[in-house]
Number of protein chains: 2
Amino acid sequence: MTGRTRGRPRGGVATDTREQILTAARTAFAEKGFDGASLRAIASAAEVDASLIRHYFGDKAGLLVATLQLPVNPLELIMPMLAEGPNGLGARILTTFVTTWDAHREVFSGLIRTTVATADRGAPALSLVRGVLLPTLAQVIGGQDAQLRASLLMSQVFGMATVRYVLKIEPLASASIEDVVALYAPGMQAIITPAKHKLS
Amino acid sequence: MTGRTRGRPRGGVATDTREQILTAARTAFAEKGFDGASLRAIASAAEVDASLIRHYFGDKAGLLVATLQLPVNPLELIMPMLAEGPNGLGARILTTFVTTWDAHREVFSGLIRTTVATADRGAPALSLVRGVLLPTLAQVIGGQDAQLRASLLMSQVFGMATVRYVLKIEPLASASIEDVVALYAPGMQAIITPAKHKLS
């Protein structure tokens with residue numbers, strides 16, 4: 001939005017450098033996607049050393065998350081849930097997700113609206129989904145059509161979030177977290193562990 | 001968008017009157033919602049007799065659908081499916097829905113984007129959902145929390161549609177209709193006929 005113009009520096013040189021990196025990263029992710037963007041090229045565009053990016057943001061996924069300016073780091077939420085495996089994963093994802101985002105409704109609503117509006121122009125949240133979340137999710141749920149099932153699972157979560165936070169359709173918009181999880185998680189679990197893949 | 005200004009009439013007096021009614025209806029639905037808008041008030045704003053609205057559009061739901069300018073009338077698609085009752089409804093909704101909208105991807109993508117962008121300002125598609133689709137769906141699926149389950153079912157369909165047509169996330173964006181139905185409909189059916197409500 002601001003391109004290369006920077007306002008008055010508020011936090012001195014470090015803040016300024018950090019913003020330079022984030023600006024270059026937003027452009028790179030939008031133009032080349034998560035896989036296509038390289039830390040080296042982003043460092044070059046921001047006129048800093050690549051080691052400084054690692055110092056501030058860890059890895060490329062961490063840098064991408066930072067460009068989204070979210071109140072909560074989605075990777076820190078999701079990775080521990082996935083690590084527990086596919087059993088009960090639907091309810092775990094939904095409980096954590098709704099609890100976290102209910103507390104930040106306006107931010108999240110804005111993120112969804114921006115992502116839908118800029119989907120054709122490389123919305124950064126989509127880079128995170130395509131480059132990090134979906135591949136990890138597909139690996140955890142495994143089995144036949146894991147990639148497609150991961151994208152369908154994401155559809156369920158995205159749809160619930162949009163109807164609850166953006167479209168605000170009742171009774172979902174005001175329903176308790178417990179009711180949403182009780183009624184919606186079984187359908188998610190049906191994709192995570194479909195009947196024909198079940199061991200039992 | 002155009003308010004009361006009308007371009008050069010292209011189809012003579014009838015087309016002009018029809019457009020006058022649709023313009024008044026869009027304003028009324030946006031300001032008062034489906035339930036709050038009355039055919040009488042719309043007729044008055046359009047300076048026509050209410051019987052003319054019934055002649056052109058049937059009833060209020062028909063008028064609302066006409067304001068959306070869709071290539072397919074969603075009520076004509078959905079009502080026969082609902083009439084067959086809740087058994088297998090998930091697969092019927094999904095098959096009909098994806099088959100129809102795959103043929104009109106661009107129109108549908110535009111409708112979703114507009115609805116998300118104007119959700120706070122009375123998006124007309126939301127009037128259709130709130131005023132017609134959800135109440136009918138809740139009545140058909142019945143049982144405990146029918147309204148909430150109907151809004152969660154709508155979340156699933158909306159999420160799938162947005163990821164397939166707007167966000168275009170693979171592999172869902174290019175998956176066959178058969179694969180989408182086989183993997184996604186069971187989760188919809190889990191909301192339509194939850195385990196604890198099943199008769200068997």
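Bear in mind the structure is a predicted one, so any value in this text is a computation, not a measurement.

What to know about the overall build of chain A
Then step 1. What chain A contains, in helices and strands, is 10 helices and zero strands.
Then step 2. The helix and strand sequence of chain A, counted from the amino end, reads α-α-α-α-α-α-α-α-α-α.
Then step 3. Seen along its three principal axes, the alpha-carbon backbone of chain A occupies a region of about 55 × 35 × 30 Å.
Then step 4. Expressed as a percentage of the 200 residues in chain A, the buried residues total 51%.
Then step 5. The contacts in chain A between residues at least 6 apart in sequence include a share of 67% that link residues at least 24 apart.
Then step 6. Counting only carbon and sulfur atoms, one obtains 54% of the accessible surface of chain A, whose full area is about 9,600 Å².
Then step 7. One way to put it: in chain A the 20 positive side-chain charges average out to a point 3 Å from where the 16 negative ones average out.

Digging into the interface of chain A and chain B
Then step 1. Counting from both sides, the interface comprises 37 residues of chain A and, opposite them, 38 residues of chain B.
Then step 2. For the pair chain A and chain B, the summed buried area comes to about 3,300 Å², and 76% of that belongs to carbon and sulfur atoms.
Then step 3. Measuring nitrogen to oxygen at the nearest pair gives 3.9 Å for the salt bridge that ties aspartate 120 of chain B to lysine 168 of chain A.
Then step 4. Summed over the shared surface of chain A and chain B, the number is four residue pairs in polar contact (both at pLDDT 80 or more).
Then step 5. Per-element accounting of the side of chain A that touches chain B gives the leading share, 14 residues, to helix H9 (residues 146–166) of chain A.
Then step 6. Its residues assigned to classes, the side of chain A that touches chain B shows 21 nonpolar, eight polar and eight charged.

Re the relation of the copies chain A and chain B
Then step 1. Overlaying chain A with chain B gives an RMSD of 0.0 Å, the required rotation being 180° about an axis along which the chain moves by 0.0 Å. When the rotation and shift are considered jointly, the pair of chain copies conforms to a two-fold rotation axis.
Then step 2. Here 100% of the interface residues in chain A have copies in chain B that are interface residues too; the copies meet face to matching face.

Section: the environment of arginine 130 of chain B
Then step 1. Counting through the fold element by element, arginine 130 of chain B comes out in helix H8 (residues 124–141).
Then step 2. Each C-alpha atom, one on arginine 130 of chain B and one on methionine 154 of chain B, is 11 Å from the other, the two residues being 24 residues apart in sequence.
Then step 3. Aside from chain neighbours lying at most four places away, what touches arginine 130 of chain B is Leu167, Lys168 and Ile169 of chain A together with Pro135 of chain B.

Let's talk about the pattern of salt bridges
Where charged atoms from two side chains of opposite charge come close, those side chains can pair.
Then step 1. Counted according to the given criterion, the structure contains eight salt bridges over all chains.
Then step 2. Its salt-bridge partner being aspartate 102 of chain A, residue arginine 105 of chain A comes within 3.7 Å of it at the nearest N-O pair.
Then step 3. Note on arginine 105 of chain A: relative accessible area 31%, which makes it partly exposed.
Then step 4. We note a salt bridge from glutamate 84 of chain B to arginine 92 of chain B, for which the minimum N-O separation is 3.7 Å.
Then step 5. A relative accessible area of 57% means that glutamate 84 of chain B is categorised as exposed.
Then step 6. Connected via shared salt-bridge partners are Asp102, Arg105 and Arg164 of chain A.

A few points about the packing of aromatic side chains
Then step 1. As enumerated under the stated definition, the model contains 10 aromatic pairs over all chains in all.
Then step 2. Here tryptophan 101 of chain A and phenylalanine 108 of chain A contribute two aromatic rings whose centre-to-centre distance is 4.0 Å and whose plane-to-plane angle is 20°, an arrangement assigned as stacked. With respect to burial, tryptophan 101 of chain A and phenylalanine 108 of chain A carry one shared label: buried.
Then step 3. On the basis of an interplanar angle of 15° and a centroid distance of 6.0 Å, the ring pair of phenylalanine 29 of chain B and phenylalanine 34 of chain B is categorised as stacked.
Then step 4. Between lysine 60 of chain A and the ring centre of phenylalanine 34 of chain A, over which it is positioned, the NZ or CZ distance is 4.8 Å.

A word on the nonpolar core
Then step 1. Residues Leu63 and Leu167 of chain A together with Ile42 and Leu63 of chain B are the most contacted members of the largest nonpolar core, which totals 144 residues.
Then step 2. If sequence neighbours within four positions are ignored, leucine 167 of chain A has contacts with Thr162 of chain A together with Thr115, Val116, Ala119, Leu126, Arg130, Met154 and Phe158 of chain B.

A closer look at the confidence of the model for chain A
Residues and elements named next belong to chain A.
Then step 1. For chain A, the average pLDDT comes to 87, and 91% of its residues sit at 70 or higher.
Then step 2. Here residues 1–9 is a poorly scored stretch, pLDDT under 50, and it has six contacts once near neighbours within four places are set aside; other chains count.
Then step 3. ipTM for the predicted complex: 0.81, alongside a pTM of 0.82.

Re the packing of helix H5 (residues 74–83) of chain B against helix H6 (residues 89–102) of chain B
Residues and elements named next belong to chain B.
Then step 1. For the pair H5 and H6, the least separation of the axes is 10 Å and the interaxial angle reads 165°. Classed by the angle they form, the pair H5 and H6 counts as roughly antiparallel. In terms of crossing hand, the pair formed by H5 and H6 is right-handed. On H6, the residues that touch Leu77, Met81 and Leu82 of H5 are Leu89, Arg92, Ile93, Thr96 and Thr100.

Calculation rules
Residues numbered from 1 in each chain as written. Chains lettered and ligands numbered in written order. Predicted model: local features only at pLDDT ≥ 70, side-chain atom pairs only at ≥ 80, totals over all residues. Heavy atoms only, no water. Helix = DSSP H or I, 4+ residues; strand = E, 2+ residues; numbered from the N terminus. Buried < 20%, exposed > 50% of the residue type's maximum accessible area, 1.4 Å probe, protein only. Contact = heavy atoms within 4.5 Å. Areas by Shrake-Rupley, 256 points an atom, 1.4 Å probe, with all protein chains shown as cover. Lys, Arg positive; Asp, Glu negative; His and termini not counted. Charge placed at Lys NZ, Arg CZ, Asp CG, Glu CD. Buried area = accessible area lost by both parts, 1.4 Å probe. Salt bridge = Lys/Arg side-chain N within 4 Å of Asp/Glu carboxyl O. Polar contact = N/O pair within 3.5 Å; in protein donor to acceptor, adjacent residues only side chain to side chain. Nonpolar A, V, L, I, M, F, W, Y, C, P; charged D, E, K, R; others polar. Least-squares fit on C-alpha atoms with pLDDT ≥ 70 in both. Phe/Tyr/Trp six-rings, centres within 6.5 Å; stacked < 30°, edge-to-face > 60°. Lys NZ or Arg CZ within 6 Å of the ring centre and 35° of its normal. Core = buried A, V, L, I, M, F, W, Y, C linked by side-chain atoms within 4.5 Å. pLDDT = per-residue confidence, 0-100. Axes fitted to C-alpha atoms, helices over the stretch in contact; angles between N-to-C directions. Parallel < 35°, antiparallel > 145°, perpendicular 65-115°, else oblique. Left-handed = near helix turned anticlockwise from the far one by under 90°.

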